[in-house]
Amino acid sequence: MKKILLICLAYLPFVLHAQNDQKEINDQVWKPFTKAIMEQDVAAFVTLHSNDMIRVDRNSKRVMDLSEYHKNMENGWPAWKESLATNNVKYSFELRFTERISNNGLAYEVGYFKNESLYPSGEKQVGYGAFHVTLRKEEGTWKILVDSDSNEGGAITEELFLNAKALE
């Protein structure tokens with residue numbers, strides 16, 4: 001019993017540190033990330049990424065640096081925002097996590113995201129995807145270093161999404 005207690009006490013600092021990292025990542029990255037997507041705010045979204053960022057769009061088999069990714073958003077997000085407003089569509093975005101690992105200023109997070117559009121007619125369109133993200137703490141602030149996602153060919157279900165851990 002004493003041995004088990006000592007082992008638990010030895011791991012406690014690592015658990016507490018990881019929980020603190022997750023809170024910082026939530027506050028510095030995921031909450032503003034979600035807000036920027038829902039508001040289609042390209043400028044706010046880009047600031048959440050490292051200048052060394054690598055974006056992997058697995059659906060289109062494409063790898064981009066931050067500059068190219070930023071250009072793509074500037075080309076698409078304003079029209080998307082206008083379309084939502086013109087058609088009075090309520091859009092929401094949500095993240096859930098299946099794995100969160102962090103130490104020494106680096107983090108790796110895996111999970112699912114949900115896109116939902118609600119039309120004035122009551123029609124709802126929902127889409128799910130999976131993400132893998134590597135983050136790095138840069139000058140005291142967490143930044144997205146590698147961002148990869150995919151819709152997994154439509155294989156991600158509401159059940160998988162709901163079984164993952166919600167953003168706290």
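Refer to the structure above for everything that follows.
Residues numbered from 1 in each chain as written. Predicted model: local features only at pLDDT ≥ 70, side-chain atom pairs only at ≥ 80, totals over all residues. Heavy atoms only, no water.

Here's the deal with the layout of surface pockets
Part 1 of the argument: Approximately 620 Å³ is the volume found for the largest pocket.
Part 2 of the argument: Ile37, Arg55, Tyr69, Trp77 and Asp149 are the residues nearest the centre of the largest pocket, which is lined by 26 residues in total.
Part 3 of the argument: Within the residue set of the lining of the largest pocket, elements represented by two or more residues are helix H1 (2-39), strand S1 (49-57), helix H3 (66-86), strand S3 (90-103), strand S4 (106-118), strand S5 (124-138) and strand S6 (141-150).
Part 4 of the argument: Among the elements that take part in the lining of the largest pocket, H3 stands out by supplying 6 residues, more than any other.
Part 5 of the argument: Its residues assigned to classes, the lining of the largest pocket comprises 16 nonpolar, 6 polar and 4 charged. (1 Å grid on protein atoms, 1.4 Å probe; cavity = no way out; pocket = protein on both sides within 12 Å on 5 of 7 lines; lining within 4 Å. Points joined across faces, edges and corners; volume = space filled by probe spheres on them. Helix = DSSP H or I, 4+ residues; strand = E, 2+ residues; numbered from the N terminus. Nonpolar A, V, L, I, M, F, W, Y, C, P; charged D, E, K, R; others polar.)

Regarding the environment of lysine 114
Part 1 of the argument: With respect to the helices and strands, the residue lysine 114 is situated in strand S4.
Part 2 of the argument: In this view, lysine 114 contacts Ser92, Phe93, Glu94, Val126, Gly127, Tyr128 and Phe161; residues no more than four positions away in its chain are not counted.
Part 3 of the argument: Of the polar contacts made by the side chain of lysine 114, one reaches the side chain of glutamate 116; its length is 3.3 Å. (Contact = heavy atoms within 4.5 Å. Polar contact = N/O pair within 3.5 Å; in protein donor to acceptor, adjacent residues only side chain to side chain.)

A look at the side chain of arginine 55
Part 1 of the argument: Of note, arginine 55 is situated in strand S1.
Part 2 of the argument: Judged by relative accessible area, arginine 55 falls into the buried class, the value being 7%.
Part 3 of the argument: In terms of polar contacts, arginine 55 uses its side chain to reach the side chain of aspartate 149, at 3.1 Å. (Buried < 20%, exposed > 50% of the residue type's maximum accessible area, 1.4 Å probe, protein only.)

Let's talk about the pattern of salt bridges
Part 1 of the argument: All chains considered together, the criterion is met by 14 salt bridges.
Part 2 of the argument: In this structure, aspartate 27 and lysine 31 form a salt bridge, with 3.2 Å as the shortest nitrogen-oxygen distance. Within this pair, aspartate 27 and its partner lysine 31 are both found in helix H1, separated by 4 residues, close to a single helical turn.
Part 3 of the argument: For aspartate 27, a relative accessible area of 35% gives the class partly exposed.
Part 4 of the argument: In this structure, glutamate 68 engages arginine 62 in a salt bridge whose closest nitrogen and oxygen atoms are separated by 2.4 Å.
Part 5 of the argument: A residue is classified by how much of its surface remains accessible, and glutamate 68, at 30% relative accessible area, is partly exposed.
Part 6 of the argument: Several salt bridges converge on common partners, so that one network encompasses Lys23, Asp27 and Lys31. (Salt bridge = Lys/Arg side-chain N within 4 Å of Asp/Glu carboxyl O.)

A closer look at the packing of aromatic side chains
Part 1 of the argument: Applying the stated criterion across every chain yields a total of 12 aromatic pairs.
Part 2 of the argument: Seen in terms of ring centroids, tryptophan 80 and tyrosine 91 are 5.0 Å apart; in terms of plane orientation they differ by 75°. Their pairing is edge-to-face. One end of the pair, tryptophan 80, is in helix H3; the other, tyrosine 91, is in strand S3, and 11 residues separate them in sequence.
Part 3 of the argument: Using a relative accessible area of 26% as the deciding quantity, one classes tryptophan 80 as partly exposed.
Part 4 of the argument: For tyrosine 91, a relative accessible area of 14% gives the class buried.
Part 5 of the argument: One aromatic cluster is present, built from ring pairs that chain together Trp30, Phe33, Phe45, Tyr69, Trp77, Trp80, Tyr91, Phe93, Phe97, Phe113 and Phe131.
Part 6 of the argument: The ring of phenylalanine 97 has arginine 100 lying over it, and the distance from NZ or CZ to the ring centre is 4.0 Å. (Phe/Tyr/Trp six-rings, centres within 6.5 Å; stacked < 30°, edge-to-face > 60°. Lys NZ or Arg CZ within 6 Å of the ring centre and 35° of its normal.)

Structural measurements only, silent on function.
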